[in-house]
Amino acid sequence: MTTDQSGTQGRFGTFSGVFVPTVLTILGIILFLRIGWVVGQTGLIGAIIIIVLANSISFITGLSLSSIATNMHVRTGGVYYMISRTLGLEIGGAIGIPLYLSQAMSVAFYIIGFTEAFISIFPGLDPKLISTGVALVFGVLAYTGADFAMKVQFVILAVMTAALLSFFTGGWGREVAPVYFAPPSSSAGFWQVFSIFFPAVTGIMVGVSMSGDLKDPAKNIPRGTLSAIIITGLIYISSALWLGTHAETGALVSDYMIMQKIARWPALVLAGVWASTLSSALGSTLAAPRTLQAISLDRAVPRFFSAKLGSATEPRLAVITTTAITLAVIWMGNLDFVAPIISMFFLNTYGMINLMSGLERLVGNPSFRPRLRTPWIVSLLGAAGCYGAMFLINALATLIAIVFSYGVFLLLERRALTQGWGDLRSGFWFALTRFGLIRLENEPFHVKNWRPNIIVFSSVLKKREQIMEMGTWLTSGHGIVTFSHVLVGDLDELTQRGLRTTAINYTREYLQERGVAAFAECSIAEDFYQGATSIIQAHGIAGLEPNIALFGWGGEPEIQREQLQMMRYMVALKKSIMFLKYDPERGFGRKERIDIWWRGRDRNAELMLMMAHLIRRHPSWEDSTIRVLRLMDGEEGRKDARDHLGRFLKNVRVEAEPVVLVRADPREPFNDILKKTSGERDLVFMGMRVPEMNELNHYALEIRNVLECTPSTLLVRSGEMEDILDTEAKK
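Residues numbered from 1 in each chain as written. Predicted model: local features only at pLDDT ≥ 70, side-chain atom pairs only at ≥ 80, totals over all residues. Heavy atoms only, no water.

Caption draft 1: Here's a closer look at empty space enclosed by the protein. Going through the model one piece at a time under the given rule, you end up with five cavities of 30 Å³ or more. The volume enclosed by the largest cavity comes to roughly 80 Å³. What lines the largest cavity is a set of 13 residues, and nearest its centre among them are Val179, Gly244, Ala247, Thr249 and Leu252. Mapped by element, the contributors of at least two residues to the lining of the largest cavity are α3 (35-69) and α10 (249-254). Its volume calculated, the second largest cavity comes out at about 50 Å³. In this structure, the second largest cavity is lined by Val107, Ala135, Phe138, Gly139, Thr285, Val319, Thr322, Thr323 and Thr326. For the lining of the second largest cavity, the secondary structure elements donating two or more residues are α6 (127-144) and α13 (316-330). (1 Å grid on protein atoms, 1.4 Å probe; cavity = no way out; pocket = protein on both sides within 12 Å on 5 of 7 lines; lining within 4 Å. Points joined across faces, edges and corners; volume = space filled by probe spheres on them. Helix = DSSP H or I, 4+ residues; strand = E, 2+ residues; numbered from the N terminus.)

Structure (structure tokens):
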């Protein structure tokens, strides 16, 4: 899937495209109406600490944002584009959709803030009608085009600049002694004041959202965003200092228009209040539709939302949608419950940006080569600051925002959207796997941590599902299983025909369709069994080498002979080997009864018992029972043998029924007893010995005769050197 980036690009530079909209959004209503209250509640030093702390979080976020922006070509969608291309479409959508809704709804909040300030001067007007009119005007501006809206921003910037000049040139000769720390009359604690001030610095993404319209996003975004954060931070600190030295504490706390009282030309501060809210509203009006456009182009929401309706550059349907949401929020009435949740969505986005940057540095993907490098610890501290601020501001709103985002993630994951780009997740798992493998390589092996690592050798799994099932059952989610297809033939010929890749892809798709958690491999060899012997030696890494090979039992005597010969090699390599003889008529029956034929405790018996135990842990066999069968020639010692076998099973903590059989006639053939005892079982385990080279044919015949008496059977030859059932520490 590719994001459509058609249309004219590169209209705006650093100043007009990033710096101005970011500055206008950060210098919002809190600067003109709440910064004095912050100083009055916490004292001058407390206010400066709050401003520095909040701006530190936004500056670190700006660094992380810049680091990611200089590592990719940021297209339409800004932050959403970065997150989706770094962490994947599902996480991008889980952050991007709430982010868009927050941007769209915040337009209404800014407009309502303007209206409240406006009707304080003209009290006879209907606030909802004024807000509606302003929203429609901004909608028309955005619909007409960002070029005209950007020009309007310069007018608003001029008004705000004049308001600040009026404020800082007022109050000369009227200095007061500042209160440095929180006065006794303070009605709000430090973190409560911080939570009220922090939203002032959360406008740093507005310029980024214009990424699709920037001339050089990798250059414009870092320069515009970081310079805007620094300059606005200095303005907030300067405002706090000026207020703290020119107004009494009581006035700072009670009079929200204290800046107007200090200013040389009070009317300009009032105009600045209006301009600050309108500028923030206009910035979000331009940013929100572009976020929705990018989400739509990725099909996380319906594609028609990205329609331009005749414009070469503007996402006009997204503008109409955003305006409709704005109007709906304006007419909702009580917004106190929704407002903090919107702030949480913004903060969640900023935290994710920091987390992405930090993880990219930690994972160390060679593809992550940003021009601006941010240390991973700095980015992760920024992420911690964002998420910490979320809970400090409003814990309930934070939980609601997290639940909503997670719900969007699950919805997108169920839709199984495809993406045509790589993301951080595979790099993260690679780094984590590499770390684990190195640790595993350096850890001494103990039998307590033994797990089955099985290679299942089979050709077309579709024709041999029983061996796929057996491989899955034998690991039961506690080991590793790899399905290996050995192509027999000439290496040059088969590679040129692409058969190896085709076989791997086919096996992988087949396993995924059936929900089997396993690996798929394919190798080319001139001889099947030589190839299998080579594969089991070369496969694996760092303590994860395969310890069991599983084959289907051959149907022809010559194949059986070759399998027994290969078994000799496997055991010499200290690899266990199993052969599955499948009964096509009965299959695995009802998967309820398992028999293990026991000829005394040895490595074979231990492996069979462990494998039967693992099979029973699989949901398909969870109701099954295991019998451990031992055959004796006479009654003498039968009870002792049964007691001994029972104690052994208890000691190794395997639930199984010990059964000791006695031949009624010493001359009764074992095969007759086998057929009578286990002929109707669902699965039978039998051990094998390692034959000499000169008796391969004879032993193959012996096995054929035995298997004629059994249902589906697993023939086992252990290559283990230690007792895998003994988990006690050796002294």
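Caption draft 2: How the structure looks around the packing of helix α1 (residues 14-26) against helix α7 (residues 146-168). In contact at an axis separation of 10 Å, α1 and α7 are set at 45° when each is read in the N-to-C sense. With respect to α7, the element α1 is oriented oblique. Here α1 and α7 pass one another in a crossing that is left-handed. Each of Phe15, Ser16, Gly17, Val20, Pro21 and Leu24 in α1 lies in contact with α7, whose residues at this interface are Met150, Gln153, Phe154, Ile156, Leu157 and Met160. The residue makeup of the contact of α1 with α7, split by class, is nine nonpolar, three polar and no charged. (Axes fitted to C-alpha atoms, helices over the stretch in contact; angles between N-to-C directions. Parallel < 35°, antiparallel > 145°, perpendicular 65-115°, else oblique. Left-handed = near helix turned anticlockwise from the far one by under 90°. Contact = heavy atoms within 4.5 Å. Nonpolar A, V, L, I, M, F, W, Y, C, P; charged D, E, K, R; others polar.)

Caption draft 3: Up close: helix α20 (residues 499-513). With 15 residues, α20 extends 21 Å from end C-alpha to end C-alpha; this agrees with the ideal 21 Å at 1.5 Å per step. Burial in α20 covers these residues: Ala503, Ile504, Thr507, Tyr510 and Leu511. Along the axis of α20, the buried positions cluster into a sector of 135°, meaning they face one direction only. For α20, the exposed residues set more than 90 degrees away from the buried face come down to Gln512 and Glu513. Where α20 is buried, its residues touch α18 (465-475), β2 (480-488) and β3 (519-525). Positive backbone phi, approximately 65°, marks Gly515, located one or two places after α20. (Expected span 1.5 Å × (residues − 1). Buried < 20%, exposed > 50% of the residue type's maximum accessible area, 1.4 Å probe, protein only. Arc of directions from axis to C-beta.)

Caption draft 4: Molecular detail of the sheet that holds strand β6 (residues 593-598). Reading across from one edge, β3-β2-β1-β4-β5-β10-β9-β6-β7-β8 is the order of the ten strands in this open sheet, with mixed pairing throughout. Two strands in the sheet have a free side with no partner beyond their single neighbour: β3 and β8 (657-662). In this sheet, neighbouring strand axes are inclined to one another by 25° on average, regardless of whether the strands run parallel or antiparallel. By the bridge criterion, five bridges tie strand β1 (residues 453-457) to β2 in an arrangement that is parallel. Bridge assignment links Phe457 to a residue of β2, and that residue is Ser484. Packing against the sheet, helix α22 (residues 557-572) makes contact with β4 (548-552), β5 (576-581) and β10 (713-717), and its axis sits at approximately 155° to β5. (Pairing = 2+ DSSP bridges.)

Caption draft 5: Just the packing of aromatic side chains, in detail. If you walk through the whole model with that rule in mind, you get 29 aromatic pairs. Centroid distance Trp473 to Phe588: 4.9 Å. Interplanar angle 80°. Geometry classified as edge-to-face. Highlighted residues: Trp473 in helix α18 and Phe588 in the loop between β5 and β6, separated in sequence by 115 residues. On the basis of relative accessibility, which here comes to 4%, the residue Phe588 falls in the buried class. Pairing Phe551 with Phe579 gives two aromatic rings, centres 5.9 Å apart and planes at 35°, and the pair type is tilted. Of the two residues, Phe551 sits in strand β4 while Phe579 sits in strand β5, which places them 28 residues apart along the sequence. (Phe/Tyr/Trp six-rings, centres within 6.5 Å; stacked < 30°, edge-to-face > 60°.)

Caption draft 6: Broad picture of the pattern of salt bridges. One pass over the full model with this rule turns up 21 salt bridges. In this structure, the salt-bridge partner of Lys676 is Glu668, at a minimum N-O distance of 3.5 Å. Residue classification places Glu668 among the buried positions, given a relative accessible area of 18%. Look at the salt bridges and you will find they share partners, linking Asp213, Arg290 and Glu314 into a network. (Salt bridge = Lys/Arg side-chain N within 4 Å of Asp/Glu carboxyl O.)

Caption draft 7: Geometry of a nonpolar patch on the surface. On the surface, Ile45, Ile49, Tyr180 and Phe181 cluster together into a nonpolar patch covering about 400 Å² of accessible area. Within the fold, Ile49 resides in helix α3. (Patch = residues over 30% accessible without salt bridge, like charges linked within 9 Å, V, L, I, M, F, W, Y side chains within 5 Å. Areas by Shrake-Rupley, 256 points an atom, 1.4 Å probe, with all protein chains shown as cover.)

Caption draft 8: A look at the pairing of β1. With five of its five residues buried, β1 lies for the most part within the structure. Every second residue of β1 is oriented toward a common face, with Asn453, Ile455 and Phe457 on one face and Ile454 and Val456 on the other, all of them buried. Examined bridge by bridge, β1 and β4 share three bridges and lie parallel to one another. Counterpart to Ile454 in the pairing with β4 is Ile548.

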